[in-house]
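# Structural overview
What follows is each chain in one-letter form.
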Amino acid sequence: QSNQPAPRNDRYVQWDLVLTAIAVLNFIVTSASEEVKLPGAVSGKVTCAGESAGITISIDGKISADTASSVKKLFDQYHEQEKKLEAGIKCLNANPVPSDYGAGYRINSGGGDISAAMAIGRMLRSEGAFIAVNGVCISACVLILAGAVDRIIKGASVVGIHRPYLAATSYTEDQARQTYDSILQ
């Protein structure tokens, strides 16, 4: 018996080529994506132009757990795109990077869930991201604004803060303390 590998059948070689072509087409299609509406009043997209990736995220409405999940999903897609580029897989220049800096983050919100807002603020902080207020940013929204590394408050935009409160009023002192402690984690 020989230690040489068996010759590959032409049929297998053809399938390898087909699968490779599908993977490349999938990468091209996903790198030229349109801005999509996601749950939680979020819209955004991850783009790719040649050797650089970009991301836009817009939050326009009430902040909820779905908002935090959608923002995380966009950041995950962005990091996946960057991994492909680092692996040497270039994308078409069909969809230019969204801004000169490759990223754009905007918010217009009257507030919402404190825990979700803090989670989004932490994501922006870990990304080293800025955020621009485009309208209003009040209540829990301010926690997102505080989490960003840089903040831009455009023209007639309004930022407002108040003391956080719990929606339910029948908490015991211990329950209220536990709830606040869980929010701060």
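Here the residue numbers are simple positions, counted from 1 along each chain's written sequence. Where totals are concerned, whole chains, interfaces and linings use all residues; where local detail is concerned, this predicted model gives features only for residues with pLDDT of at least 70, and gives and counts side-chain atom pairs only at 80 or more. Just so you know, side-chain values use all the structure's heavy atoms and leave hydrogens and water out.

## Some remarks on the state of the cysteines
Note on terminology: disulfide denotes any pair of cysteine sulfur atoms within 2.5 Å. All told, the structure shown has 1 disulfide when counted by the stated rule. At a sulfur-sulfur separation of 2.1 Å, the disulfide partner of Cys137 is Cys141. Measuring the twist about the S-S bond at about -105 degrees, one finds the Cys137-Cys141 disulfide to be left-handed. Exposure remark for Cys141: the relative accessible area of 0% places this residue in the buried category. Each residue's exposure class comes from its accessible area (1.4 Å probe, protein chains only) as a fraction of the maximum for that residue type: buried when under 20%, exposed when over 50%, partly exposed otherwise.

## Comments concerning empty space enclosed by the protein
Where empty space is left in the structure can be found by rolling a water-sized probe over the atoms. In this analysis the probe radius is 1.4 Å and the grid spacing 1 Å, with only protein atoms considered; a cavity is a set of points the probe fits into but cannot get out of, a pocket is an open set with protein on both sides within 12 Å along at least five of seven lines, and lining residues have an atom within 4 Å of a point. Grid points are joined across faces, edges and corners, and a volume is the space filled by probe spheres set on the points. In total, this model carries 1 cavity of 30 Å³ or more according to the counting rule given. What lines the largest cavity is simply Ile57, Ile59, Val71, Tyr105, Arg106, Ile120, Leu124 and Ile131. Helix and strand assignments come from DSSP, with helices taken as H or I runs of at least 4 residues and strands as E runs of at least 2, each series counted from the N terminus. Elements with a contribution of two residues or more to the lining of the largest cavity: strand E3 (52-60), strand E4 (103-109) and helix H3 (114-127). Just so you know the grouping, Ala, Val, Leu, Ile, Met, Phe, Trp, Tyr, Cys and Pro go in nonpolar, Asp, Glu, Lys and Arg go in charged, and all remaining residues, Gly too, go in polar. Its residues assigned to classes, the lining of the largest cavity shows 7 nonpolar, no polar and 1 charged.

## What to know about the packing of aromatic side chains
The rule is short: rings of Phe, Tyr and Trp, with Trp giving its six-membered ring, pair when the centres are within 6.5 Å, and they are stacked under 30 degrees, edge-to-face over 60, tilted in between. Taken as a whole and assessed by the stated rule, the structure comprises 2 aromatic pairs. With a centroid separation of 5.8 Å and an interplanar angle of 40 degrees, the aromatic rings of Phe75 and Tyr105 are classed as tilted. Of this pair, Phe75 sits in helix H2 (residues 65-86) while Tyr105 sits in strand E4, placing them 30 residues apart in sequence. Exposure class is identical for Phe75 and Tyr105. Each is buried. A centroid spacing of 5.5 Å and a plane angle of 65 degrees characterise the contact between Tyr105 and Phe130, whose relative ring orientation is edge-to-face. Taken together, the positions of Tyr105 in strand E4 and Phe130 in strand E5 (residues 130-138) put the pair 25 residues apart, joining distant regions of the chain. In this structure an aromatic cluster arises from ring pairing among Phe75, Tyr105 and Phe130.

That is the geometry; function is a separate question.
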